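Structure assessment
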Amino acid sequence: LTAAELFKRIEFLQSPEGIEQSLKEKADSSFQIQSRAMNDQISSTMHEVSEIGCFGNSRPPSGNSTNVSMIQRKINISVSYLEIYNESVNDLLDKDKRNLDVRDHRGETFVEGLTCKRVQSTEEVKKLIELGEEVRIIAETRVNSKSTRSHTVFRINVEIDDRNTQTGRHAIRSS
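What counts, and at which threshold
- Residues numbered from 1 in each chain as written.
- Predicted model: local features only at pLDDT ≥ 70, side-chain atom pairs only at ≥ 80, totals over all residues.
- Heavy atoms only, no water.
- Core = buried A, V, L, I, M, F, W, Y, C linked by side-chain atoms within 4.5 Å.
- Buried < 20%, exposed > 50% of the residue type's maximum accessible area, 1.4 Å probe, protein only.
- Helix = DSSP H or I, 4+ residues; strand = E, 2+ residues; numbered from the N terminus.
- Axes fitted to C-alpha atoms, helices over the stretch in contact; angles between N-to-C directions.
- Parallel < 35°, antiparallel > 145°, perpendicular 65-115°, else oblique.
- Contact = heavy atoms within 4.5 Å.
- Nonpolar A, V, L, I, M, F, W, Y, C, P; charged D, E, K, R; others polar.
- Salt bridge = Lys/Arg side-chain N within 4 Å of Asp/Glu carboxyl O.

Next up on the list: the nonpolar core. Among the nonpolar cores identified, the biggest contains 17 residues, and Ile75, Ile77, Val119 and Val158 are the most heavily contacted of them. Breaking this core down by element, the ones donating at least two residues are helix H1 (2-13), strand S3 (71-85), helix H3 (122-135) and strand S8 (151-164). Counting residues per element, this core draws most heavily on H1, which supplies five residues.

See the structure below:
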């Protein structure tokens, strides 16, 4: 349900009306998008970063009076899926990646080498979840013959790249 609502919201955000609304909503130090249908479920703060990726110093988008027709918006969605089992972090989107290292960089925690796949539809998200569930470690216990005995994290990354066609400058926000 979350993926379906996310793709519906992205379709709107790529429209001229969505670009105009999102430019009006930006605040001094953050940019917050809230969908009425997702209000109780998801509230995501998106920061402009200096380059594509998880790292960079966040700062507010500059300028409040950008003409919507000058903005080209590209939105990329990617997912990752990991499993924590017996103090080991495993990549559920690549069965060969086991015991990955968890790192910290400038206050951001990330898993080194974790697979991140781009998706363009709710169906692709569902297929990757199913793929990950097939790779999950299952061990028999006295109580349950098919116990997973692990924890999983399925992460959806949203990256919005607004490029000003007149100046060539762009702001990349990710969540």
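What follows deals with the packing of H1 against helix H2 (residues 16-25). At a minimum axis separation of 6 Å, H1 and H2 run at an interaxial angle of 90°. With respect to H2, the element H1 is oriented roughly perpendicular. Here H1 contributes Arg9, Phe12 and Leu13 to the contact with H2, which in turn contributes Glu17, Gly18, Ile19, Gln21 and Ser22. When grouped by side-chain class, the residues that make up the contact of H1 with H2 number three nonpolar, three polar and two charged.

Looking now at the pattern of salt bridges. As enumerated under the stated definition, the model contains eight salt bridges in all. With a shortest N-O distance of 3.8 Å, Arg98 and Glu83 are connected by a salt bridge. Of the two residues, Arg98 sits in the loop between strand S4 (88-91) and strand S5 (102-105) while Glu83 sits in strand S3, which places them 15 residues apart along the sequence. Residues joined by salt bridges that share partners form a network here, namely Arg73, Asp162 and Arg173.

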